[in-house]
Amino acid sequence: MKFYANFKMNHTRDSTSKYIELLNKELKDTNSGDIFVFPPATALQKGEDKVVIGAQNGYFGKNGAFTGEIGLEQLKEFNIDTILIGHSERREIFGESQEFVAKKFDYYKKENFNIIYCIGEPLEVREQGVEALFEYLYSQFEGIDTTYKNLTVAYEPIWAIGTGVSATTADIELVHNRLKERFNVELLYGGSVKIDTIEDIAKIDSVDGVLVGSASLKADEFAKLIKKGLGA
Ligand code: 13P
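Note that the structure is predicted; figures quoted are calculated from it, not measured.

The next subject is the overall build of the chain. From N to C terminus, the chain includes nine helices and eight strands. In summary, the chain has a C-alpha radius of gyration of 17 Å against a globular reference of 17 Å for 232 residues, a match within 12%. Overall size of the chain, expressed as C-alpha extent along the three principal axes, is 45 × 45 × 30 Å. For the chain, the residues scored as buried account for 50% of the 232 residues in total. For the chain, the share of sequence-separated contacts (at least 6 apart) that also reach a separation of at least 24 residues comes to 70%. The chain carries 27 positive and 36 negative side-chain charges, and their two centres are separated by 4 Å.

Following this line, the structure appears as structure tokens:
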């Protein structure tokens, strides 16, 4: 099982450093597998012990006239080689189109990054039934090389993000099993993963890991979630 913490626009440089220190301490006696933390851009730093640091976002370029963005040069300074692409908050709030997302994907693929590529449907699509659901999800793979060797796909239904209502294990299985069959990639689930739900989610065969927002923000609680997920 792999565990990914997406801080979104939370934590500072200082609090991220303390978080990493505490997380490593809490997990020192655990065979905890792969743990990734995605802090905001201002808190990027080199990872330590059990924790790999990734970027929540990056523009498709090394450097240049792109106000407000960070690119390859800024990521390399911290040895970052893992990036989230296609998160629904980037797509919905910041208006990133499929074409734009695919350009990022292509760029960071050429740079050999580990790409956590996020997909997920809004509630109104979910309510239209299974066919509409998969049509929507598959459209989020347009322009994406699903055979890329360092690709991980994160299925995060928008209606489950930040709502406290996780998808049911049946919902997750339905989507993950089909995605596995079609693309044969590593798959994460995200959307209100909590200490109470991690055990059931971790038991699903087609779930290789979880992408956690709010329940990852405190290091001691995230450590507990990890331990539970590992059955420790
Ligand atoms: P929550 O765990 O807060 O629902 O966020 C999930 C998410 O968007 C992770 O990328």
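Picking up after the structure, the text goes on.
Along strand β4 (residues 82–85), one buried face is formed by Thr-82 and Leu-84 and the opposite face, lined by Ile-83 and Ile-85, is buried too. For β4 and strand β5 (residues 114–119), the ladder comprises four bridges, and the chain directions are parallel. Residue pairing for β5: Leu-84 is matched across the bridge by Ile-116.

Moving on, we get to the layout of surface pockets. As a volume, the largest pocket reaches approximately 510 Å³. As for the largest pocket, its lining consists of 20 residues, and the residues nearest its centre are Lys-8, Gln-56, Asn-57, Arg-90 and Phe-94. Classifying every residue of the lining of the largest pocket gives ten nonpolar, six polar and four charged. Along its surface, the second largest pocket is lined by 18 residues, and Lys-8, Ile-161, Ser-192, Gly-213 and Ser-214 are the ones closest to its centre.

The environment of the ligand is formed by 13 residues, the closest being Lys-8, Glu-156, Gly-162, Ser-192 and Gly-213. At a separation of 2.8 Å, an oxygen atom of the ligand approaches a polar side-chain atom of Lys-8. At 2.9 Å from an oxygen atom of the ligand is found a main-chain nitrogen or oxygen belonging to Ser-214. Relative to its unbound accessible surface of 310 Å², the ligand loses 98% to contact with the protein. Of the residues belonging to the shell around the ligand, the class tally is four nonpolar, seven polar and two charged.

Attention now moves to helix α7 (residues 169–183). Spanning 15 residues, α7 covers 20 Å between terminal C-alpha atoms, matching the ideal 21 Å at 1.5 Å per step. Of the positions making up α7, those classed as buried are Ile-172, Val-175, His-176, Leu-179 and Phe-183. Seen along its axis, α7 keeps its buried residues to an arc of 95 degrees; they face one direction. Seen from the open side of α7, the exposed residues pointing more than 90 degrees away from its buried face are Ala-170 and Glu-181.

Moving on: the packing of aromatic side chains. Counted under the stated rule, the structure contains 16 aromatic pairs. Taking the centre distance of 4.4 Å and the plane angle of 5 degrees together, the rings of Tyr-4 and Phe-36 count as stacked. With Tyr-4 in strand β1 (residues 2–6) and Phe-36 in strand β2 (residues 34–38), this residue pair connects regions lying 32 residues apart in the sequence. Taking relative accessible area as the criterion, Phe-36 reaches 10% and is therefore assigned buried. Ring geometry for Phe-105 and Tyr-117: centres 5.8 Å apart, planes at 85 degrees, overall edge-to-face.

All right, on to unusual backbone geometry then. Here Asn-184, not a glycine, exhibits a phi torsion of approximately 50 degrees, which is positive. Among the structural elements, Asn-184 can be located in the loop between α7 and β7 (186–190). The backbone of Ser-192 sits at a positive phi, close to 55 degrees, despite the residue not being glycine. Along the polypeptide, Ser-192 turns up in the loop between β7 and α8 (198–202).

Criteria and cut-off values
- Residues numbered from 1 in each chain as written.
- Predicted model: local features only at pLDDT ≥ 70, side-chain atom pairs only at ≥ 80, totals over all residues.
- Heavy atoms only, no water.
- Helix = DSSP H or I, 4+ residues; strand = E, 2+ residues; numbered from the N terminus.
- Rg over C-alpha atoms; globule rule 2.2 N^0.38 Å.
- Buried < 20%, exposed > 50% of the residue type's maximum accessible area, 1.4 Å probe, protein only.
- Contact = heavy atoms within 4.5 Å.
- Lys, Arg positive; Asp, Glu negative; His and termini not counted.
- Charge placed at Lys NZ, Arg CZ, Asp CG, Glu CD.
- Pairing = 2+ DSSP bridges.
- 1 Å grid on protein atoms, 1.4 Å probe; cavity = no way out; pocket = protein on both sides within 12 Å on 5 of 7 lines; lining within 4 Å.
- Points joined across faces, edges and corners; volume = space filled by probe spheres on them.
- Nonpolar A, V, L, I, M, F, W, Y, C, P; charged D, E, K, R; others polar.
- Near = heavy atom within 4 Å.
- Polar contact = N/O pair within 3.5 Å; in protein donor to acceptor, adjacent residues only side chain to side chain.
- Areas by Shrake-Rupley, 256 points an atom, 1.4 Å probe, with all protein chains shown as cover.
- Expected span 1.5 Å × (residues − 1).
- Arc of directions from axis to C-beta.
- Phe/Tyr/Trp six-rings, centres within 6.5 Å; stacked < 30°, edge-to-face > 60°.

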